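# Commentary on secondary and tertiary structure
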Amino acid sequence: MRTSFSAEETGGLGPIVLEHPPGSFEPTAASRIGLLTVGRHQDLLGGVGVDWGCGVGVLAIATALVPSVEKVVGLDVAPANVEQAHTNAEINRVEDRTAFHVADSMSPVDAGGAAVLEGLTGRVDFVVANPPASVGDDGFGFRRRVMEDVAPFLVAGGIVLLNVSAQYGMARVLALQSGVFTYQGMLESTDAVPFDQARPDLAENLADYVAEEARGGVTYEFLSAAGETISATEARRRYQATGSSPLSRWQVHLFRKGEWPAVTA
Ligand SMILES: C[S@@+](CC[C@H](N)C(=O)[O-])C[C@H]1O[C@@H](n2cnc3c(N)ncnc32)[C@H](O)[C@@H]1O
């Protein structure tokens, strides 16, 4: 399968073409807002970057198209994604500025990748990350892991462009600062769109959120069609009663390593 992104969809970086055969990650709406963010906010980017959980390479390739970016290392736990990201980098002619390695978070599985990552400690200028939802907890586990694991690799003042969909709520987003990062605001957001319960992964996510609310965790913030903020528990109740998925927004937030003037959410 193949997806083509227009110059408008890449925020002015030019067209990007991605192949994603079965068994590799197919870019989603979250990938699209991540891509648009890179293009529209390319002035934030330069030097050396990491794409955490690169899938078939969409964000790594986009950042590599930014003229001030020298090198981007894409990491993914799935070998099929890493292999396809290499191919996609060649298709988009950024293979000289990208490298892809199989890794569990920031820990590569092979010696070559380990050597590359060792050399990047304290030298990374930016990280782009569109992490998956974690399963069996509050869904936010991978975001916390990304922030913790990338921190030692970033230069002082280095940035993280992190995909977080709106239903997680700002309390969870701000907690990611954890004394290491300063939250610098939301870069891009989609309109309110269905958190499509016909998608098995999103149905599983909503079930996890309901369980988290039952455990007393921070309440999620979905939107109803009428624009009210509703919890995950209420969102699922309404879906079961009416078949209408709750709404959320796909968004990208900016964090900077170190203490910086705070940005009010
Ligand atoms: C939501 S997808 C995003 C892919 C791509 N960045 C995009 O925007 O289309 C999350 C990616 O994280 C990868 N992933 C999951 N767990 C990981 C881990 N522990 N370490 C590295 N990558 C991981 C998945 O294989 C998947 O490709």
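Scroll up to find the structure.
Report on the accompanying structure. These numbers were taken from a predicted model, which means no experiment stands behind them. (Residues numbered from 1 in each chain as written. Predicted model: local features only at pLDDT ≥ 70, side-chain atom pairs only at ≥ 80, totals over all residues. Heavy atoms only, no water.)

The environment of the ligand is formed by 17 residues, the closest being Ser31, Gly53, Asp76, Asp104 and Ser105. Backbone polar atom of serine 105 to a nitrogen atom of the ligand: 2.7 Å apart, as the coordinates give it. Contact with the protein chains covers 90% of the free accessible surface of the ligand, which is 590 Å². Listed by contribution, the elements that provide at least two residues to the shell around the ligand are strand 5 (98-104) and helix 5 (141-150). A class-by-class count of the residues in the shell around the ligand yields 8 nonpolar, 6 polar and 3 charged. (Near = heavy atom within 4 Å. Polar contact = N/O pair within 3.5 Å; in protein donor to acceptor, adjacent residues only side chain to side chain. Areas by Shrake-Rupley, 256 points an atom, 1.4 Å probe, with all protein chains shown as cover. Helix = DSSP H or I, 4+ residues; strand = E, 2+ residues; numbered from the N terminus. Nonpolar A, V, L, I, M, F, W, Y, C, P; charged D, E, K, R; others polar.)

Let us now look at the pairing of strand 4 (residues 69-76). For strand 4, a buried count of 6 out of 8 residues is recorded, marking the element as mostly surrounded by other parts of the structure. In terms of strand pairing, strand 3 (residues 47-52) meets strand 4 through 6 bridges, oriented parallel. Note that in strand 4 the partner of valine 50 across the bridge is valine 73. Handedness of the crossover joining strand 3 and strand 4 through helix 2 (residues 58-64): right-handed. (Buried < 20%, exposed > 50% of the residue type's maximum accessible area, 1.4 Å probe, protein only. Pairing = 2+ DSSP bridges. Right-handed = clockwise from strand over helix to strand, strands pointing away.)

Below, the discussion takes up unusual backbone geometry. Even without a glycine there, the phi angle at arginine 93 is positive, about 60°. Examined against the element boundaries, arginine 93 turns out to sit in the loop between helix 3 (79-91) and strand 5. Judged by relative accessible area, arginine 93 falls into the exposed class, the value being 68%. Located in the positive-phi region is serine 178, a residue other than glycine, with phi close to 35°. The exposed category is assigned to serine 178, whose relative accessible area is 56%.

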